[in-house]
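These are the residues of each chain, in order.
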Amino acid sequence: MLSHQVSYRVCYADTDQMGYVYYGNYARFYEIARVETLRNIGVSYKVLEDAGIGLPVYENYSKYHAPALYDDLLRIDCTLIKMPSARIEFEYKIYNQSEALLHEGKTTLVFMELATKKVVKAPEWLITAILDKRSDA
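Definitions and limits used
Here the residue numbers are simple positions, counted from 1 along each chain's written sequence. Only residues with pLDDT of at least 70 get local features here, since the model is predicted, and only at 80 or more are side-chain atom pairs given and counted; chain-wide, interface and lining totals rely on the full set of residues. For the side-chain quantities, the full set of heavy atoms in the structure was used; hydrogens and water were omitted. UniProt positions are given in the numbering used here, feature names are shortened, and annotations may be inferred rather than shown by experiment. Numbering of helices and strands runs from the N terminus, with a helix taken as a DSSP run of H or I at least four residues long and a strand as a DSSP run of E at least two residues long. Any pair of residues with heavy atoms lying within 4.5 Å of one another is described as a contacting pair. Polar contacts, as counted here, are pairs of nitrogen or oxygen atoms within 3.5 Å of one another; within protein the pair requires one atom able to donate a hydrogen and one able to accept it, and residues that are adjacent in sequence qualify only if both atoms are side-chain atoms. Burial classes follow relative accessibility: with a 1.4 Å probe on protein chains only, a residue under 20% of its type's maximum area counts as buried, one over 50% as exposed, and anything between as partly exposed. Note on pairing: DSSP must find at least two bridges between two strands before they are called paired. Throughout this description, the term salt bridge denotes a Lys or Arg side-chain nitrogen within 4 Å of a carboxyl oxygen of Asp or Glu. Here the expected span of a helix is defined as 1.5 Å times the quantity of residues minus one. Whenever a helix is involved, its axis is fitted only over the stretch in contact; in every case the axis is a line through C-alpha atoms, and angles between N-to-C directions fall within 0 to 180 degrees.

Looking at an unreviewed UniProt entry, one finds the chain named Thioesterase family protein and attributed to Aquirufa originis. In its Sequence similarities (unreviewed entry) section, UniProt records this for the chain: "Belongs to the 4-hydroxybenzoyl-CoA thioesterase family."

Caption draft 1: Just the environment of Q5, in detail. Within the element layout of this structure, Q5 appears in strand β1 (residues 2–9). Each C-alpha atom, one on Q5 and one on I81, is 14 Å from the other, the two residues being 76 residues apart in sequence. Not counting residues up to four positions away in its chain, the partners in contact with Q5 are R75, I76 and D77. Separated by 3.4 Å, the side chains of Q5 and D77 make a polar contact.

Caption draft 2: Summary view of the pairing of strand β6 (residues 101–110). Of all 10 residues making up β6, seven are buried, and the element is well covered by its neighbours. Relative to β6, strand β3 (residues 57–64) runs antiparallel, the two being bridged by seven bridges. Directly across from K63, in β6, lies its bridge partner E104. Bridging between strand β5 (residues 87–95) and β6 involves nine bridges; their strand directions are antiparallel. Considered in β6, the bridge of Y95 is made with L101. Hairpin geometry of β5 and β6 is characterised by an intervening segment of five residues between the two adjacent antiparallel strands and by a positive phi of about 70 degrees at E99.

Caption draft 3: Examining the pattern of salt bridges more closely. This model, assessed by the stated rule, comprises eight salt bridges. For the salt bridge of R39 with E36, the shortest nitrogen-to-oxygen distance reads 3.3 Å. One end of the pair is R39 and the other is E36, both in helix α1 (residues 25–40) and three residues apart, which spans about a single turn. The exposure class assigned to R39 is partly exposed, which follows from its relative accessible area of 45%.

Caption draft 4: Spotlight on unusual backbone geometry. Positioned with a positive phi, D71 is a non-glycine residue whose angle comes to about 75 degrees. Within the chain, K117 stands out as a residue other than glycine whose phi angle is a positive 60 degrees. Following the sequence through the fold, K117 ends up in the loop between β7 (112–113) and β8 (118–119).

Caption draft 5: Broad picture of α1. Here α1 contains 16 residues, and its C-alpha end-to-end distance of 23 Å stays within 8% of the 22 Å for a straight helix at 1.5 Å per residue. Of all the residues in α1, the buried ones are N25, Y26, F29, Y30, A33, R34, V35, T37 and L38. Immediately downstream of α1, the backbone of G42 shows phi near 95 degrees, a positive value.

Caption draft 6: Focus on the sheet that holds β5. Overall, antiparallel pairing links the five strands, which are arranged β1-β4-β5-β6-β3 in an open sheet. Looking along the sheet, the strands with just one partner apiece sit at the ends: β1 and β3. Taking the axes of each pair of neighbouring strands and ignoring which way they run, one obtains an average angle of 15 degrees across the sheet.

This is the structure:
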């Protein structure tokens, strides 16, 4: 539906004793990619929060194909897979500099009114931003 790519260089802090990216860091890579994907359509998390909307993670799925290593230059492909409603879903594919697929994942987040902690529908201005970006493609 809507895709964006982010580059990320693996640093020492990302790795375990074997020099592999620690498995918990993939969720952070997802966050980096989805924040930049939204920013690419003109919507920042800060704007959402200022509007009283939070995006907590509801589901997180990871599939490991091969380890990412220290100093690898990763390409994180992030795809918004369908128009958001009360949920927004992203898929991720992470490749190294040799174009080897290292990792796949998916997250589902919910739109939550911060004041009440209740799930709400996606703001119309976010839907409009997505539609506008799709029509530019």
